[in-house]
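Descriptive structure summary
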Amino acid sequence: MDIEIFPHRYLSADTTENLLKGLDEIEGVKRMVLQGQRLPPAQSGHPDRRIITLKGHKIDLQVKTGRVLIEIEGDVVIDELRNVCENYLPFGFNIHVGTYIRKQKTVSDTLKYGEALDEVSDELVGLTDQNAQLSERVRILKKK
């Protein structure tokens, strides 16, 4: 089951980092995907193009977060997600249940990765733009 968190405005880097830390503490969250406007290159000096820290890993925030897509294990997690969002998104948000993250490899994946498709982990399916280099756009942080 997937959840879309749609904030009523774009999130700053600090708000994104705090929200992700709060969401990561919830049992039952499998994967999270950030979507939003691409930020200019780091050398441009944009205030939201910075390194955030999650689980001790440094991650280059490359988008101005407009939506957070989350794959969860069951309905019971939704209330916990809502509580975290209320803490970090005081300006408002919507939560939608649906299918937002692909679960299977597609023809587009075959065209992009070719014979290397078998080497791509199933947990990476649906996490990145088909036109982008996988190593530049996806960061996997394992739950302990």
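Just so you know, the residues in each chain are numbered from 1, in the order the chain's sequence is written. In keeping with the model being predicted, local features are shown solely for residues with a pLDDT of at least 70 and side-chain atom pairs are shown and tallied solely at 80 or more, while totals for entire chains, interfaces and linings include all residues. Calculated side-chain values reflect all of the structure's heavy atoms, with hydrogen atoms and water omitted.

Read from one edge of the open sheet, four strands run S2-S5-S1-S6, paired in antiparallel fashion. The sheet is open, and its two borders are formed by strand S2 (29-38) and strand S6 (93-98), each paired with just one other strand. Across the sheet, the mean angle from the axis of one strand to that of its neighbour is 25 degrees, orientation sign disregarded. In this sheet, strand S5 (residues 63-72) lies alongside strand S1 (residues 2-7) in antiparallel orientation, the contact comprising four bridges. Paired with Ile5 across the two strands is Val68, which belongs to S5. The contact criterion used is simple: two residues touch if any of their non-hydrogen atoms lie within 4.5 Å. Geometry is summarised by axes, namely lines fitted to C-alpha atoms with helices restricted to the contacting stretch, and by angles between N-to-C directions that run from 0 to 180 degrees. Secondary structure is summarised from DSSP: a helix means a run of H or I of at least four residues, a strand means a run of E of at least two, and numbering begins at the N terminus for each. Lying over the sheet, helix H1 (residues 13-24) contacts S1, S2 and S5, oriented at roughly 165 degrees with respect to S2. In this analysis, strands are considered paired if DSSP registers two or more bridges between them.

For our purposes a nonpolar core is just a set of buried Ala, Val, Leu, Ile, Met, Phe, Trp, Tyr and Cys residues, chained together by side-chain atoms within 4.5 Å. Each residue gets one of three labels from its accessible area relative to the maximum for its type: buried under 20%, exposed over 50%, partly exposed in between, using a 1.4 Å probe on protein chains only. Core analysis: the largest hydrophobic core is formed by 18 residues, its most contacted members being Ile5, Leu19, Leu23, Ile70, Ile72 and Leu81. For this core, the secondary-structure elements that each account for two or more residues are S1, H1, S5, helix H2 (77-88) and S6. Element by element, the count of residues in this core is highest for H2, at five residues. What Leu81 contacts, discounting residues up to four positions off in sequence, is Ile3, Leu23, Ile26, Val29, Ile70, Ile72 and Ile95.

Another point: unusual backbone geometry. In this model, Lys55 sits at a positive phi of 55 degrees, which is unusual for a non-glycine residue. For Lys55, the position within the fold is in the loop between strand S3 (51-54) and strand S4 (57-60).

Take a negative patch on the surface next. Here a patch means residues that are over 30% exposed by relative accessible area and free of salt bridges, tied together within 9 Å if like-charged and within 5 Å if nonpolar (Val, Leu, Ile, Met, Phe, Trp, Tyr). All accessibility values rest on the Shrake-Rupley procedure with a 1.4 Å probe; residue burial counts only the protein chains present in the view. We count a salt bridge whenever a side-chain nitrogen from Lys or Arg sits within 4 Å of a carboxyl oxygen from Asp or Glu. For the purpose of charge, His is not counted, nor are the chain termini; Lys and Arg are scored as positive and Asp and Glu as negative. Note that the charge is assigned to NZ on lysines, CZ on arginines, CG on aspartates and CD on glutamates. A grouping of Glu27, Glu73, Asp79 and Glu80 is seen on the molecular surface, where their side chains present a negatively charged patch. Structurally, the position occupied by Glu73 is in the loop between S5 and H2.

Okay, the confidence of the model for the chain next. On a scale of 0 to 100, pLDDT captures the predictor's confidence in every residue. Chain-level statistics for the chain give a pLDDT mean of 84 and a share of 85% at 70 or above. Taken element by element, the predicted model of the chain shows its lowest mean pLDDT in helix H4 (residues 134-137) (56) and its highest in S1 (96).

The next point concerns the pattern of salt bridges. Tallied over the entire structure, the rule returns nine salt bridges. Two residues, Arg50 and Asp14, come together in a salt bridge whose shortest N-O distance is 2.4 Å. Of this pair, Arg50 sits in the loop between S2 and S3 while Asp14 sits in helix H1, placing them 36 residues apart in sequence. We classify Arg50 as partly exposed; its relative accessible area is 24%. Of the charged contacts, one joins Glu17 and Arg50 as a salt bridge, the two residues approaching to 3.2 Å between their closest N and O atoms. With Glu17 in helix H1 and Arg50 in the loop between S2 and S3, the pair connects residues that are 33 residues apart, well separated along the chain. Residues participating in the shared-partner salt-bridge network are Asp14, Glu17, Lys21 and Arg50.

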